[in-house]
Amino acid sequence: MTYGARCASSGDKIADLFSDYFHSTFLKTSSNANYSTYNEHSKSAEIGSISIEKTTILRHLKGLDLNKSGGPDGIHPIFIVECADQLVAPLELIFKRSLSEGVVPTIWKTSFITPVFKKGDKSKVEQYRPISKLCLFAKIFERIVYDQTYAALRTSFTDEQHGFLKNRSTVSNLLLAANCITKSMEGGAQIDVVYTDYSKCFDRIDHNILMMKLAVAGIHGDLYRWFKSYVDNRSQAVVLQGFTSKWTSIPSGVPQGSLLGPLMFVIFINDINSCFINSKILLYADDMKILKPIYGIDDVGDLQSDLLRFEEYCVNNKLDLNVDKCYLVSFTRKHTLIDQGYQLKGRPITRVSEVCDLGVIFDSKLTFEKQVNSCVSKASRALGFIIRTSSSFKSLKSLKILYCAFVRSHLEYASQVWNPRYEIYKSRIEGIQKKFLRFLDFKARQRSQDYEHRCRRYHFLPLHRRRDINDIAYLAGIANGSVDCPQLLTEVSLWAPSRVSRSSKTLYVPWVSTQYRQNAYIIRGSHSFNEISNSKELDIDLFCTKPSAIRKIITKDYFTSMD
């Protein structure tokens, strides 16, 4: 293995190479950090203590995954689960004393690091990323602190953040982005979207700035002192095939592999929207996109002004922007672009015609053709692998499980965002499942009449029907609060006719003039829901029926109608 000009061949020295590389990503915390943007009047919530109860500790102890390995303290989860009743009392005392004194035990601030290969040359340690293994008692303690801290601060998190927050996801983030883009394209505008990237963002959080932000977020008293102890004086060692590296300190960042690390990062970056006066942003953890409709040169200047404020924010918060991985995409129906370009850190942002955003490929015309091609290609390779390696399988159930986990998942990830409108794309996607069901016929020595017959025989819904159900279920989640996205909720409108009519539709669907907007999620999902709301056989309430129940009701109705 090599790291720069250094080379190692023995196990212990290779472990040290990885340790040195992972340690090089950290930032030396300053002793005189000052964050002047925050003030005491910005607090919207407060929490200064945590309640520790035996029943809560016992529930977490018995809920440990027995397949996990132990952390640096060497205590295995089997021991913890089997001795849970006896461990509750001493752990309660330790947890309470730790919180009251504001001190986290040193062993609970250590972690084992396992290198995981990403891509490129396997002999270079730079091509690996770290996975952390913490002490299990520490993770149980963190869970208790996390649950109560999150509950106290949840109302203070910005609506633009969709990462590490309950009832928000990549799908809600992408749907808002697609909705904003289609609205602008419907109005004839060009919309410029800047995708930003940081270098080792989670590892380079300055602890002093982090503690200032935790204080202003509302964390104070014993809990504040506990958090300070939690992030200070942490250490890690690389464990690789039985070899352990030297222990190294962690001077910056939020603890990876922890529950509190992501929460602290969300709090750290929660004020970033103050930079963007003229444009809109969407966040998923550290992944951010900046959206701005462009009607003329003045709008270009407004977006550049926001970018300059964002650049200053990164300097003040010691966030290292990676301009080489920042991209600009202009979404428009026009043939000519308003192309003035934008800069970060004095360097131009690379303009591209497509970008992979949280696993979905957005092209400048918003056709999602590349996304369909990509998911079909991945699913086809996965299906080919399953067919080649399962020749000895006798259980059809095992094959169905493999297909759903490794093939169909590619074809349905975030389908609410890119659900295709054109039949040519639908047939390409459906072709993957048709091939699998023919394979099941072959394995079962059956002869089915057609695709519909195979779907009924093996209890599979056609994929286009599953995408429609996903649309309806997610729309119900938005309406009944299962999806925490107020911006999408404002797009859902009830149908309130001025006079009595025979139509029994529930949702109002506005008229739009472009195919881009016709296939936008809210409009497409509203159409789909109105179709099923006309059915007297389906007992579905948009505001009360859970998304999981909606899936079961529509699926059952489909197979009943086929019979």
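Cut-offs applied
- Residues numbered from 1 in each chain as written.
- Predicted model: local features only at pLDDT ≥ 70, side-chain atom pairs only at ≥ 80, totals over all residues.
- Heavy atoms only, no water.
- Axes fitted to C-alpha atoms, helices over the stretch in contact; angles between N-to-C directions.
- Helix = DSSP H or I, 4+ residues; strand = E, 2+ residues; numbered from the N terminus.
- Parallel < 35°, antiparallel > 145°, perpendicular 65-115°, else oblique.
- Left-handed = near helix turned anticlockwise from the far one by under 90°.
- Contact = heavy atoms within 4.5 Å.
- Nonpolar A, V, L, I, M, F, W, Y, C, P; charged D, E, K, R; others polar.
- Phe/Tyr/Trp six-rings, centres within 6.5 Å; stacked < 30°, edge-to-face > 60°.
- Lys NZ or Arg CZ within 6 Å of the ring centre and 35° of its normal.
- pLDDT = per-residue confidence, 0-100.
- Salt bridge = Lys/Arg side-chain N within 4 Å of Asp/Glu carboxyl O.
- Buried < 20%, exposed > 50% of the residue type's maximum accessible area, 1.4 Å probe, protein only.
- Pairing = 2+ DSSP bridges.
- Polar contact = N/O pair within 3.5 Å; in protein donor to acceptor, adjacent residues only side chain to side chain.
- Core = buried A, V, L, I, M, F, W, Y, C linked by side-chain atoms within 4.5 Å.
- Bend = angle between axes of the 7 residues up to and from the residue.

- Named according to an unreviewed UniProt entry, the protein is Reverse transcriptase domain-containing protein originating from Plutella xylostella.

## Considering the packing of helix 5 (residues 136-153) against helix 9 (residues 260-268)
Phase 1: The geometry of helix 5 relative to helix 9 is characterised by a closest axis approach of 10 Å and an angle of 25 degrees between their N-to-C directions. Put simply, helix 5 runs roughly parallel to helix 9. Remark: the crossing between helix 5 and helix 9 carries left-handed chirality. Each of Glu142, Val145, Tyr146, Thr149, Tyr150 and Leu153 in helix 5 lies in contact with helix 9, whose residues at this interface are Leu260, Leu263 and Ile267.
Phase 2: In terms of residue class, the contact of helix 5 with helix 9 is made up of seven nonpolar, one polar and one charged.

## Description of the packing of aromatic side chains
Phase 1: This structure, assessed with the given rule, holds 27 aromatic pairs.
Phase 2: The rings of Tyr3, Phe18, Tyr21, Phe22, Phe117 and Tyr128 are connected pair by pair, giving a single aromatic cluster.
Phase 3: In this structure, Lys122 is placed above the aromatic ring of Phe117, and the distance from its NZ or CZ to the ring centre is 5.4 Å.
Phase 4: The ring of Tyr451 carries Lys434 above its face, with NZ or CZ at 5.3 Å from the centroid.

## Side note on the confidence of the model for the protein
Phase 1: Looking at the protein as a whole, its pLDDT mean stands at 92, while 96% of the residues score no less than 70.
Phase 2: Taken together, the stretch residues 33-42 has pLDDT below 50 and engages in 18 contacts with residues farther than four places along the chain or on a different chain.

## Focus: the pattern of salt bridges
Phase 1: Applying the stated rule across the entire model yields 27 salt bridges.
Phase 2: Here Lys345 makes a salt bridge to Asp320, at a shortest N to O gap of 3.6 Å. Highlighted residues: Lys345 in the loop between strand 12 (343-344) and strand 13 (347-348) and Asp320 in the loop between helix 10 (297-316) and strand 11 (327-331), separated in sequence by 25 residues.
Phase 3: Lys345 gets classed as partly exposed once you look at its relative accessible area, which sits at 41%.
Phase 4: The class of Asp320 is partly exposed, set by a relative accessible area of 30%.
Phase 5: Connected via shared salt-bridge partners are Arg6, Asp20 and Lys246.

## A word on the sheet that holds strand 14 (residues 350-351)
Phase 1: Read across the sheet, five strands follow the order 9-10-5-11-14 without closing on themselves; strand pairing throughout is mixed. Of all the strands in the sheet, the pair left with one neighbour each is strand 9 (280-284) and strand 14.
Phase 2: Bridge count for strand 9 against strand 10 (residues 287-294) is five bridges, and the pairing is antiparallel. When the bridges of strand 10 are listed, Leu282 appears paired with Lys289.
Phase 3: Against the sheet, helix 10 makes contact with strand 5 (190-196) and strand 10, and its axis sits at roughly 155 degrees relative to strand 10, the strand it touches most.

## Notes on the side chain of Ser448
Phase 1: Take Ser448: it is sitting in the loop between helix 14 (423-444) and helix 15 (451-458).
Phase 2: A polar side-chain atom of Ser448 sits 2.8 Å from a polar atom in the side chain of Asp441.
Phase 3: If we skip the residues at most four places from it in the chain, Ser448 touches Asp441, His453, Arg454 and Arg457.

## Points about the nonpolar core
Phase 1: In terms of nonpolar packing, the biggest core is built from 78 residues, with Leu61, Trp226, Phe227, Ile272 and Phe310 touching the most fellow members.
Phase 2: Sorting elements by how many residues they give to this core places helix 5 first, with ten residues.
Phase 3: Ignoring any residue separated from it by four or fewer positions in sequence, one finds Trp226 in contact with Ser98, Leu99, Gly102, Val103, Val104, Phe141, Val145 and Leu260.
Phase 4: One finds Leu411, Phe436, Ile469 and Leu542 within the second-largest nonpolar core, a separate group that totals 72 residues.

## Overview of helix 12 (residues 396-412)
Phase 1: Of all bends in helix 12, the biggest is about 40 degrees, found at Cys404.
Phase 2: For helix 12, the complete set of buried residues consists of Leu399, Tyr403, Val407, Arg408, Leu411 and Glu412.
Phase 3: If you follow the buried residues of helix 12, they end up packed against helix 11 (369-389), helix 13 (415-418), helix 14 and helix 16 (463-480).
Phase 4: Near the N-terminus of helix 12, the side chain that reaches the backbone nitrogen of Lys397, with its oxygen 3.4 Å away, is that of Ser395.

## Overview of unusual backbone geometry
Phase 1: A positive phi is found at Ala414, a non-glycine position, where the angle reads about 55 degrees.
Phase 2: Its identity is not glycine, yet His459 carries a phi of approximately 55 degrees, on the positive side.
Phase 3: In this fold, His459 is placed in the loop between helix 15 and helix 16.

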